Amino acid sequence: MKPIGYWLNRTDQALTGRMNAVLAEFGLTRLAWQVLNVVQDDPQATDTTVLTVLAANADAADLTAAITAVLADGWATRPAQARLALTGNGRARLTGVAARVDAFRALATTGISPEEYRTAVAVLERMTHNLETGAGR
């Protein structure tokens, strides 16, 4: 059996590769899609909000590049300095992306029960907590 780190890396690579392929028809990457979700979820979103919320997903340079891309492609706009908001067109386009993301999620969880999925996430969350806090030392 391969160790968990091996499977974590392989899973992340597979998720990113497949998600990028699914989102390519919309001109998005997984990271740009994540940026759009932060902006959609927070009407007061700023660049700092995106950098903070997605810090575990990418470094600041990659996140800044993703912000620049969604602005340049008309998904988002700056209603004020450093603020981000979806454009009307971006909101409509994001609705179209949702069906493809749902299909991607169904593929990713084929043969995995909702309980197995919750268990896997809970175990990874605990492992992360243990390592970040030094629990058990």
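Scroll up for the structure.
Residues numbered from 1 in each chain as written. Predicted model: local features only at pLDDT ≥ 70, side-chain atom pairs only at ≥ 80, totals over all residues. Heavy atoms only, no water.

**Some thoughts on helix α4 (residues 60–72)**
To keep it simple, the criterion reads: Secondary structure follows DSSP: runs of H or I at least 4 residues long count as helices, runs of E at least 2 residues long count as strands, and numbering of each begins at the N terminus. The span you would expect from a helix comes to 1.5 Å times its residue count less one. Buried, partly exposed and exposed residues are distinguished by accessible area as a fraction of the type maximum, computed with a 1.4 Å probe on protein chains only: under 20%, between the cut-offs, and over 50%, respectively. Throughout, the arc means that of the directions going from the helix axis to the C-beta atoms. Whether two residues are in contact is decided by their heavy atoms, any of which lying within 4.5 Å being enough.
Compared with an ideal rise of 1.5 Å per residue, which puts 13 residues at 18 Å, α4 spans 18 Å between its outermost C-alpha atoms and is within 8% of the ideal. Taken residue by residue, α4 has Leu63, Ala66, Ile67 and Val70 as its buried positions. For α4, the arc enclosing every buried residue in end-on projection is 100°, short of the 170-degree limit, so these residues lie on one face. For α4, the exposed residues set more than 90 degrees away from the buried face come down to Ala61 and Ala72. The inward-facing, buried residues of α4 contact α2 (30–41), α3 (47–53) and β1 (76–77).

**Regarding the nonpolar core**
Selection rule: The term nonpolar core refers to a set of buried residues drawn from Ala, Val, Leu, Ile, Met, Phe, Trp, Tyr and Cys, joined through side-chain atoms within 4.5 Å.
Ranked by internal contacts, the top residues of the largest apolar core, which has 27 residues, are Val35, Val50 and Val97. Elements with a contribution of two residues or more to this core: α1 (4–23), α2, α4 and α5 (88–108). Among the elements that line this core, the one with the most residues is α2, at 7 residues. Sequence-distant contacts of valine 97, that is, excluding residues within four places in its chain, are made with Leu23, Phe26, Leu28, Trp33 and Trp75.

**A word on the layout of surface pockets**
Here is the rule: Residues are called lining when one of their atoms sits within 4 Å of a cavity or pocket point, these points coming from a 1 Å grid over the protein atoms alone, where a cavity is a set in which a 1.4 Å probe fits but cannot get out and a pocket is an open set with protein on both sides within 12 Å along at least five of seven lines. Grid points are joined across faces, edges and corners, and a volume is the space filled by probe spheres set on the points. Classification convention: Asp, Glu, Lys, Arg as charged; Ala, Val, Leu, Ile, Met, Phe, Trp, Tyr, Cys, Pro as nonpolar; all other residues, Gly among them, as polar.
Counted as a void, the largest pocket has a volume near 1,500 Å³. Around the largest pocket sit 30 residues that line it, and Thr11, Asp12, Leu15, Arg30 and Tyr117 are the ones nearest its centre. Of all the elements in the fold, those that place two or more residues in the lining of the largest pocket are α1, α2, α5 and α6 (114–133). For the lining of the largest pocket, the residue count by class is 17 nonpolar, 7 polar and 6 charged.

**Topic: the side chain of aspartate 47**
As a reminder, the rule being used: Pairs of N or O atoms within 3.5 Å make up the polar contacts considered here, provided that, within protein, one atom can donate a hydrogen while the other can accept it, and that residues adjacent in sequence are counted only when both atoms are side-chain atoms.
Relative to the assigned elements, aspartate 47 resides in helix α3. There is a polar contact of 2.7 Å between the side chain of aspartate 47 and the side chain of arginine 78.

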